[in-house]
Amino acid sequence: MAYCPRCDAENPDSASTCHACGSPLRSGTMVMAAPKQAPRPQVALRVVRADGGPESVVRMTRDTLTCGPQGDLPLMDDPFIMPVQARFFFSGGRLAMEDVGGANGVFARLRQEKELPVGGELRLGRQRLVLEPIPASAVGPGGAHIWGSADPGYRLRLVQILEGGVRGAAFPLKEGDNLLGREQGDITFPTDGFVSGRHALLHVKQDRLRVKDVGSSNGTFVRLTGPVFVENGDHFLIGRQLLRVEIQLSV
């Protein structure tokens, strides 16, 4: 089965778009369809300031709007953003966006529980984490590990990605629920003030993992792997910049 990157609905492997929301299921550039008869909505992108300072707002006046130091929405003084990192555009009458810069990528805030594939990335607080498989340990007679200890059964782990792409700590994930937080959980980040006390729940079932935000203040974000449709109030992390999308239907 294929899982929709937008709404996480199950779809047949042969499907190219989601039967539930219409989002494309494969990576690559989403084709800009001809506009529908209904007028397009009014769209504004707001750069959210964590310090409460003045926020910049750019309205979308053309078919596309790019983000980055050389984009229509200039995101300056951020070494983690490519010259043009993201593109917002209309596909039919719906707003969509995609990462066109690669490198450190674009992350979307979770609205609901979502499956994270191996190689997928999370951001919470100042943490950037990638999901990796752990090969099954070689087992000898009687189920003992070849080095003499029992195989703990871990099949997945999260690995920190530090500035510059350097790999940091690795966190094995047990079968079932794994709580991430600042003050409590199976994996904690006590020095990261942007991580909530209880932040996210990772549920492991064999070699599959699902992610759920548990009411964190600053959200849990998943890296985009292809174009997605955008809804009013969606948040995206681009480098160190947080964008909120504001969509108003035309009357």
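Source: prediction; values computed, not measured.

Rules and cut-offs
- Residues numbered from 1 in each chain as written.
- Predicted model: local features only at pLDDT ≥ 70, side-chain atom pairs only at ≥ 80, totals over all residues.
- Heavy atoms only, no water.
- Salt bridge = Lys/Arg side-chain N within 4 Å of Asp/Glu carboxyl O.
- Helix = DSSP H or I, 4+ residues; strand = E, 2+ residues; numbered from the N terminus.
- Buried < 20%, exposed > 50% of the residue type's maximum accessible area, 1.4 Å probe, protein only.

## Quick look at the pattern of salt bridges
So, point 1. A complete count under the given rule lists 18 salt bridges for this structure.
So, point 2. Glu-113 is paired through a salt bridge with Arg-210; the nearest N and O atoms lie 3.5 Å apart. In this pair, Glu-113 sits in the loop between strand S8 (106–109) and strand S9 (114–115) while Arg-210 sits in strand S17 (residues 208–213), placing the two residues 97 residues apart along the sequence.
So, point 3. The partner of Arg-240 in a salt bridge is Glu-163, with the nearest N and O atoms 3.5 Å apart. Of the two residues, Arg-240 sits in the loop between strand S20 (235–238) and strand S21 (241–248) while Glu-163 sits in the loop between strand S12 (156–161) and strand S13 (167–173), which places them 77 residues apart along the sequence.
So, point 4. In this structure Arg-240 comes out as partly exposed when scored by relative accessible area, which is 45%.
So, point 5. Assessed through its relative accessible area of 60%, Glu-163 is described here as exposed.
So, point 6. Residues participating in the shared-partner salt-bridge network are Arg-46, Glu-55, Arg-244 and Glu-246.

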